[in-house]
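# Chains, contacts and geometry: an overview
As a plain string of letters, each chain reads:
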Amino acid sequence: YYPWGYDGDNGPDHWHKNYPIAKGRHQSPIEINNKEVHYDPSLLPWFASYDPGSAKTILNNGKTCRVVFDDSFDRSVLRGGPLPGVFRLRQLHFHWGSSDDHGSEHVVNGVRYAGELHLLHWNPKYSNYLDAVRRTDGIAVLAIFLQVGKTPKPEMKRILEEINAIKTKGKEAPFPNFDPSVLFPKSHDYWTYHGSFTTPPCEECITWIVLREPIIVSSDQMAKLRSLSKNAENEPDLPLVDNWRPTQPRYFRMVSASFL
Ligand SMILES: NS(=O)(=O)c1c(F)cccc1F
Ligand SMILES: [Zn+2]
């Protein structure tokens, strides 16, 4: 296991030395530009059927704030859209910036959002998650942009209230009874393309489903995320910010849109 980060000598430009896939042809995130997107009328709507009882814990792993779900059976699943069958919800996490004018991983027509929420699901046709990450159709991530505005989504409060309990790296707290679909925007319009994890080892196993409509969060809520520390409680408090990977070359990939 090699240490990696988002700045300096172990930042995104250095990942490929220990994680060679990071220089692959199907890397994420990417820029999504209207001119290059292809409307695909055959794309189905996607559906999330999440059981709030599957939510387990919320934790700070020093790289992001993550909520973990019980994925021991088809309890909370994503289906439809570009996906073949159901995919099991395993965790959600966030990427954000050091200020409100940047922080998302995907960039839409040059627009960087303040952050990005990722809900990670894996294909249960494979025996377990670790097997799924070795398959091109193993993982599906639903990505939702966070836009700073005056009328924040009240449902974000539940996650941000827990932040005080996981201030430092390694801290974990119970996070029961949570259905993340309460965070979804009104529109289910999406872009989809084949890509990778945006953190090392950057395996190219992800069907990305990027929602067009951002959810609104407040500047205070973004500041709350930035109050997390990269370090453990007995180490100096380094703000956990700018945990986003820059956009990667699209090469010969098509980005399909579910909407005109
Ligand atoms: N950002 S991402 O969604 O590709 C991602 C995962 F899916 C899983 C772990 C880390 C991570 F960063
Ligand atoms: Zn992510």
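Check the entry above for the structure.
Remember, predicted model here, so these are calculated numbers, not experimental data.

Counting buried positions over the 10 residues of strand β7 (residues 87-96) gives nine, a clear majority of the element. Where strand β5 (residues 65-69) meets β7, three bridges bridge the pair, whose relative direction is antiparallel. Residue pairing for β7: valine 68 is matched across the bridge by glutamine 91. Sheet analysis places strand β6 (residues 77-80) next to β7, joined by two bridges and oriented antiparallel. Residue leucine 78 lies in a different strand from β7, and its bridge partner there is phenylalanine 87. Hairpin connection from β6 to β7: six residues lie between these consecutive antiparallel strands, with glycine 81 at a positive phi of about 55°.

Our next topic: the nonpolar core. With 42 residues, the main nonpolar core has Cys65, Leu92, Phe94, Trp96 and Leu119 as its most contacted residues. Considering every element that reaches this core, the biggest residue donor is β7, with five residues. When residues no more than four places from it in sequence are discounted, the contact partners of leucine 92 are Cys65, Arg66, Val67, Phe69, Leu117, His118, Leu119, Ile159, Phe178 and Pro180.

Once that is clear, we can look at the site of ligand 1. In the vicinity of ligand 1 there are 13 residues, among which His95, Leu120, Phe197, Thr198 and Thr199 approach most closely. A distance of 3.3 Å separates a nitrogen atom of ligand 1 from a polar side-chain atom of histidine 118. A distance of 2.7 Å separates a nitrogen atom of ligand 1 from a polar side-chain atom of threonine 198. Against a free-state accessible area of 300 Å², the protein chains account for coverage of 91% of ligand 1. Contributing elements (two or more residues each) for the shell around ligand 1: β7, β9 (115-122) and β13 (206-211). Among the elements that make up the shell around ligand 1, the one with the highest residue count is β7 (three residues). Classifying every residue of the shell around ligand 1 gives five nonpolar, six polar and two charged.

Parameters and conventions
- Residues numbered from 1 in each chain as written.
- Chains lettered and ligands numbered in written order.
- Predicted model: local features only at pLDDT ≥ 70, side-chain atom pairs only at ≥ 80, totals over all residues.
- Heavy atoms only, no water.
- Buried < 20%, exposed > 50% of the residue type's maximum accessible area, 1.4 Å probe, protein only.
- Helix = DSSP H or I, 4+ residues; strand = E, 2+ residues; numbered from the N terminus.
- Pairing = 2+ DSSP bridges.
- Core = buried A, V, L, I, M, F, W, Y, C linked by side-chain atoms within 4.5 Å.
- Contact = heavy atoms within 4.5 Å.
- Near = heavy atom within 4 Å.
- Polar contact = N/O pair within 3.5 Å; in protein donor to acceptor, adjacent residues only side chain to side chain.
- Areas by Shrake-Rupley, 256 points an atom, 1.4 Å probe, with all protein chains shown as cover.
- Nonpolar A, V, L, I, M, F, W, Y, C, P; charged D, E, K, R; others polar.

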